[in-house]
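A structural walkthrough
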Amino acid sequence: MSHSKALQNSIFTTIGEVADELQMPCYVIGGYVRDYLLQRGNAKDIDIVAVGSGIKLAKAVAAQLIDSSEVKVFKNFGTAMLKHHSLEVEFVGARKESYQRDSRKPIVENGSLEDDQKRRDFTINALAISLNKNTFGELIDPFNGITDLKDKTIRTPLEPGITYSDDPLRMLRAIRFATQLDFTIETASLQAITSHANRLKIISNERVVDEIHKILLSSQPSKGFKLLYNTGLLKLILPELIALKGIEEVEGQRHKDNFWHTLEVVDNIAKTTNNLWLRWAALLHDIGKAPTKRFDKKIGWTFHAHEFVGSKMVYKIFKRLKMPLNEKMKFVQKMVLMSSRPIILSEDHVTDSAVRRLVFDAGEHIEDLMTLCEADITTKNPKKQKRYKNNFKIVREKIIEVEERDRIRNFQPPVSGEEIMKVFNLKPCREIGLIKDAIKEAILEGEIPNNYEAAYNYMLTKGKQMGLTHA
Ligand code: ATP
Ligand code: MG
């Protein structure tokens with residue numbers, strides 16, 4: 001069967017023609033072919049393998065294209081990257097690899113197409129389609145990748161123990177692809193991953209995090225985290241999550257298993273947002289529950305201040321995993337810190353002032369916070385489920401109502417420090433802060449509306465009470 005339909009983009013014909021001139025067999029291989037056969041939409045990155053010099057081929061192709069940016073050559077890797085419109089085409093010469101124990105950098109020699117396919121991680125990623133004129137569209141599938149695609153199986157071309165210990169990143173890739181594509185990892189592979197899990201330590205944190213991001217961004221991330229847990233990889237990456245596992249019972253009182261709960265929350269939030277950092281917040285929202293767990297004879301299980309402890313742990317985790325310690329991390333911290341606020345609020349009668357305080361503290365992230373809290377509802381009790389959802393609906397309505405009236409979301413002090421100084425003829429001092437705070441409190445409590453005039457008058461009253469004189 002010809003797969004020339006995969007090659008409708010004219011770039012493939014051009015590459016094939018140029019390769020023919022250079023007398024090089026050449027193929028499109030890997031993710032592009034896999035995603036074409038799975039009908040996952042057009043991939044933007046294309047991998048080309050040539051039996052010969054990939055760099056030479058890339059340069060010759062670039063010379064042939066009228067409107068192409070330059071070729072970027074990575075000499076150390078023997079690869080070249082060509083950008084063409086929105087496509088990124090990577091060229092590499094077919095290679096044979098052998099590995100040493102302490103590194104995922106192999107010794108590389110030139111090889112045949114089959115040598116090259118063998119070194120690929122999975123049979124579904126080793127499929128190649130020929131681009132040369134005589135064989136254009138021919139599929140080369142020495143490891144039955146097509147069967148595995150149909151059966152939705154992740155399998156390695158070589159013995160799995162070799163594949164994974166050669167490059168332990170593949171353990172994470174296997175789990176990531178299983179999650180993204182909703183495939184099953186074949187048993188032998190799963191066993192090999194489990195027994196080689198410790199080899200993960202030679203992988204850089206950046207690569208690990210890249211794969212975790214992809215797992216988190218798939219439609220059912222719990223699938224990936226369960227696999228990470230079952231293979232023993234999770235305890236090397238996020239032991240804090242594993243500490244949430246288990247149910248304890250004291251005096252007949254049990255708490256929920258916060259590990260499985262967390263995975264449910266992540267799946268829930270995956271249905272409502274693609275924001276990677278909000279998904280991270282869902283993953284880490286209960287992380288402080290392990291170190292704060294106590295049993296109290298009167299109230300039962302408590303996790304006092306787990307949100308605060310959790311937000312501190314976010315920093316440590318991000319730092320350890322070499323993730324950015326920037327505003328993304330601060331956002332995750334803030335979500336974790338505030339993760340119980342809407343629930344506590346909605347358990348009570350929802351007052352305007354409580355909503356104003358929530359909006360004030362969450363600021364521009366109020367929507368995200370509500371999304372997180374809604375995902376946090378995992379009770380199996382339909383009555384409770386309904387009540388919580390309804391309460392959140394009320395909170396959301398109140399947020400809109402209060403926001404329209406009081407504009408708290410991007411709160412700016414209606415009277416500035418300079419103005420207070422001028423009115424009471426003050427040098428910088430403590431009183432200025434006190435007055436500003438009193439104005440903010442009065443607005444949040446609903447004693448005065450959030451406008452200049454009301455705030456100005458309130459300032460005069462407060463100043464008088466403090467014994468200040470009007471300048
Ligand atoms: P995606 O781009 O959606 O993540 P992909 O399969 O294209 O999926 P890439 O990381 O772009 O993944 O790699 C391209 C191809 O290179 C893969 O399809 C696979 O054949 C091969 N490959 C990538 N990483 C490895 C690895 N660690 N070990 C073996 N082969 C690999
Ligand atoms: Mg790719």
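Bear in mind the structure is a predicted one, so any value in this text is a computation, not a measurement. (Residues numbered from 1 in each chain as written. Chains lettered and ligands numbered in written order. Predicted model: local features only at pLDDT ≥ 70, side-chain atom pairs only at ≥ 80, totals over all residues. Heavy atoms only, no water.)

Considerations on helix α10 (residues 221–231)
For the α-helix, the turn length of 3.6 residues means that residues three or four positions removed from each other point alike. What counts is decided by this rule: Throughout this description, buried means an accessible area under 20% of the type-specific maximum (1.4 Å probe, protein chains only), exposed means over 50%, and partly exposed covers the range between. Counting from the N terminus, the helices are DSSP H or I runs at least four residues long and the strands are E runs at least two residues long.
Listed in full, the buried residues belonging to α10 are Pro-221, Ser-222, Gly-224, Phe-225, Leu-227, Leu-228 and Thr-231. Just beyond α10, the residue with positive phi is Gly-232, at close to 85°.

Examining the site of ligand 1
Applied cut-off: We call a residue near a molecule or strand whenever a single non-hydrogen atom of that residue lies within 4 Å of it. Counting of polar contacts relies on pairs of N or O atoms within 3.5 Å, with two restrictions inside protein: one atom must be capable of donating a hydrogen and the other of accepting it, and residues adjacent in sequence are counted only when both atoms are side-chain atoms. Only the protein chains shown count as covering a residue, and every accessible area follows the Shrake-Rupley method with a 1.4 Å probe. Think of it as three bins: nonpolar holds Ala, Val, Leu, Ile, Met, Phe, Trp, Tyr, Cys and Pro, charged holds Asp, Glu, Lys and Arg, and polar takes everything else, Gly as well. Marked domain ranges trace back to an automatic or database domain assignment.
Neighbouring ligand 1 are 16 residues, the closest being Arg-34, Asn-125, Asp-167, Arg-170 and Arg-176. One of the side-chain N or O atoms of Asp-167 is found 2.9 Å from a nitrogen atom in ligand 1. Within the side chain of Arg-173, an N or O atom sits 3.0 Å from an oxygen atom of ligand 1. Summarising the interface, the protein chains cover 78% of the accessible area of ligand 1, which totals 580 Å² for the free molecule. When contributions to the shell around ligand 1 are tallied by element, the ones reaching two or more residues are α2 (31–37), β2 (45–50) and α7 (169–181). It is α7 that provides the largest number of residues to the shell around ligand 1, a total of four residues. Partitioning the shell around ligand 1 into residue classes produces one nonpolar, three polar and 12 charged. Looking at the shell around ligand 1, you find at least three residues from each of domain 1 (4–149) and domain 2 (152–237).

Concerning the pattern of salt bridges
Let me state the cut-off plainly: We count a salt bridge whenever a side-chain nitrogen from Lys or Arg sits within 4 Å of a carboxyl oxygen from Asp or Glu.
Taken as a whole, this structure holds 28 salt bridges when the rule is applied. The partner of Arg-173 in a salt bridge is Asp-121, and the shortest N-O contact between them spans 2.6 Å. Taken as a pair, Arg-173 in helix α7 and Asp-121 in the loop between α4 (113–118) and β8 (128–130) lie far apart in primary sequence, 52 residues in all. Looking at Arg-173, the relative accessible area reads 24%, which means it is partly exposed. Taking relative accessible area as the criterion, Asp-121 reaches 8% and is therefore assigned buried. If you follow the salt bridges from partner to partner, you end up with Arg-95, Glu-97, Asp-116, Arg-119 and Arg-120 in one network.

Here we look at the side chain of Asn-132
To keep things clear, this is the line we draw: It only takes one pair of heavy atoms within 4.5 Å for two residues to be counted as in contact.
Looking at the secondary structure, you find Asn-132 in the loop between β8 and β9 (139–140). A distance of 3.0 Å separates the side chain of Asn-132 from the side chain of Asp-20, its partner in a polar contact. Polar contacts involving the side chain of Asn-132 include one to the main-chain amide nitrogen of Cys-26, which spans 2.8 Å. Setting aside its immediate chain neighbours within four residues, Asn-132 contacts Gly-16, Ala-19, Asp-20, Met-24, Pro-25 and Cys-26.

Notes on the domain arrangement of the protein
Interface size is often expressed as the accessible area that is lost when the parts come together. In terms of domain boundaries, the protein breaks down into domain 1 (4–149), domain 2 (152–237) and domain 3 (417–465). For domain 1 and domain 3, the distance between their C-alpha centres works out to 68 Å.

Let's talk about the layout of surface pockets
Worth spelling out the cut-off: Buried and open spaces are told apart on a 1 Å grid over the protein atoms alone, a cavity being a set of points where a 1.4 Å probe fits but cannot get out and a pocket being an open set with protein on both sides within 12 Å along at least five of seven lines. Residues with an atom within 4 Å of a point are the lining residues. Grid points are joined across faces, edges and corners, and a volume is the space filled by probe spheres set on the points.
Approximately 850 Å³ is the volume found for the second largest pocket. Lys-256, His-261, Lys-289, Ile-343 and Asp-376 are, among the 31 residues lining the second largest pocket, the residues nearest its centre. Going through the elements one at a time, α13 (258–272), β15 (300–303), α16 (306–320), α18 (341–347) and α21 (382–406) are the ones with two or more residues in the lining of the second largest pocket. Sort the elements by how many residues they give to the lining of the second largest pocket and α13 lands first, with four residues.

Digging into the packing of helix α9 (residues 205–216) against α10
Put simply, the rule reads: Lines fitted to C-alpha atoms define the axes here, with helix axes fitted over just the stretch in contact, and angles between the N-to-C directions of these axes take values from 0 to 180 degrees. Should an angle fall under 35 degrees it is called roughly parallel, over 145 degrees roughly antiparallel, and 65 to 115 degrees roughly perpendicular, with every other angle called oblique.
Relative orientation of the contacting elements α9 and α10 amounts to 135°, with a least axis distance of 7 Å. The angle between α9 and α10 falls in the class oblique. Contacts from Ile-212, Ile-215 and Leu-216 of α9 reach α10 at Pro-221, Gly-224, Phe-225 and Leu-228. Here the contact of α9 with α10 is composed, by residue class, of six nonpolar, one polar and no charged.

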